[in-house]
Amino acid sequence: MSTRGKKGWILAFSLPCLVLFCLVYAIPFVMVITTSFCDYSLTQSPVFEGLKNFKTIFADPDFSVSIVNTLKWVLIQSTLHVGFGFVMALILRRKPKGWKFARVAYVIPNIIPTAATAVMYSLLLNPTFGVVKMLYEKLGIDTMQVVNLFGNSKYAFWTVTATWVFYSGFNMLIFLGEMGAISPEIYEAAQVDGATAGQADRYITIPMMKNAFGTCVILASVAMVSQFDIIYMTTRGGPGNSTLNLPMYLYKIITLENNYGKANAVGVIQIILGLVLVILIQRLFNQKKEIEEV
């Protein structure tokens, strides 16, 4: 087959994917950016207004809170969430008794839909009939003192965080895969030199996990920038604005104000924030440089 014929087949097989990409991603992406500069709702066509939507957003105190909460969750997810996955990978790499069961059990929560997880926690922590009330009754404590953890602004942020921060099964699998790629000869040489298991992890395993750490931190950060369903199912950004993040802020603009132009402006900011985080994390872990060297 000639080179021209091969290019024709490549184009023929690629065309459906390109069309689907344009319809699902490229065209909506351009529309979001375009309408973010417009006064646009379901009852009227887009009317260009320049930077008015962005000025309104940045002057809104709730937007500042949503940005701060989003960045807090990005930091927590990038450290605690990824850290739990790495610790579990270190433990399971040594294949202790029952390690196969533990590996499967730790991944199961990641398979459950996050909306279902949110409902489960809402029921468990319900101050009227949840596990918290049952524990108070068992301990002989007055059940009137049971705190609504999702409904109290003092505890809501950390309660919502607890619903996902420990479920890092995917990170664990990424770390296990990266650890499996390390040559056993390196560990054998370190053992011959008198290195303990802890020293081998500190000076061999952790330094060689840089790419895996970078990948996991990127995935965790992007997930927090777009986190919506758990917050919506548990607190809806409340009480007040204590658990308000960018997706919830965007959702409230659409439902309460019917202002799609302003909501799309928030979406643009959300996209920019995600891209900035990805670029910064790549530079932090020197991933781009290493990829170019390979």
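Residues numbered from 1 in each chain as written. Predicted model: local features only at pLDDT ≥ 70, side-chain atom pairs only at ≥ 80, totals over all residues. Heavy atoms only, no water.

(A) How the structure looks around the pairing of strand E2 (residues 44–48). As judged from the three bridges shared by strand E1 (residues 38–41) and E2, these two strands associate in the antiparallel manner. For Ser41, the partnering residue across the bridge sits in E2 and is Gln44. Adjacent in sequence and paired antiparallel, E1 and E2 are bridged by two residues. (Pairing = 2+ DSSP bridges. Helix = DSSP H or I, 4+ residues; strand = E, 2+ residues; numbered from the N terminus.)

(B) Region of the structure containing the pattern of salt bridges. Summed over all chains, the structure comprises four salt bridges. Notably, a salt bridge pairs Glu257 with Lys262, separated by 3.3 Å at the nearest N-O pair. (Salt bridge = Lys/Arg side-chain N within 4 Å of Asp/Glu carboxyl O.)

(C) The packing of helix H3 (residues 61–93) against helix H8 (residues 169–180), seen in detail. Closest axis-to-axis distance for the H3/H8 pair is 8 Å, and the angle between their directions is 45 degrees. Accordingly, the angle class assigned to the pair H3 and H8 is oblique. Between H3 and H8 the crossing geometry is right-handed. Contacts from His81, Val82, Gly85, Phe86, Met88, Ala89, Leu90, Leu92 and Arg93 of H3 reach H8 at Asn171, Met172, Phe175, Leu176 and Met179. Of the residues belonging to the contact of H3 with H8, the class tally is 10 nonpolar, three polar and one charged. (Axes fitted to C-alpha atoms, helices over the stretch in contact; angles between N-to-C directions. Parallel < 35°, antiparallel > 145°, perpendicular 65-115°, else oblique. Left-handed = near helix turned anticlockwise from the far one by under 90°. Contact = heavy atoms within 4.5 Å. Nonpolar A, V, L, I, M, F, W, Y, C, P; charged D, E, K, R; others polar.)

(D) Inspection of the nonpolar core at higher detail. Counting residues in each nonpolar core, the largest one holds 34 residues, and the members touching the most others are Ile57, Trp73, Val160, Trp164, Tyr249 and Val266. Counting residues per element, this core draws most heavily on helix H14 (residues 260–284), at seven residues. Setting aside its immediate chain neighbours within four residues, Trp164 contacts Trp73, Gln77, His81, Met224, Gln227, Ile230 and Ile231. Among the nonpolar cores identified, the runner-up in size contains 26 residues, and Phe86, Tyr106, Val107 and Leu176 belong to it. (Core = buried A, V, L, I, M, F, W, Y, C linked by side-chain atoms within 4.5 Å. Buried < 20%, exposed > 50% of the residue type's maximum accessible area, 1.4 Å probe, protein only.)

(E) Structural detail: the side chain of Thr163. Residue position: Thr163 is located in the loop between helix H7 (156–162) and H8. Engagement of the side chain of Thr163 in a polar contact is seen with the backbone oxygen of Val160, the distance being 2.4 Å. Excluding anything up to four places from it in sequence, Thr163 contacts Thr117, Tyr121, Phe150 and Ile230. (Polar contact = N/O pair within 3.5 Å; in protein donor to acceptor, adjacent residues only side chain to side chain.)

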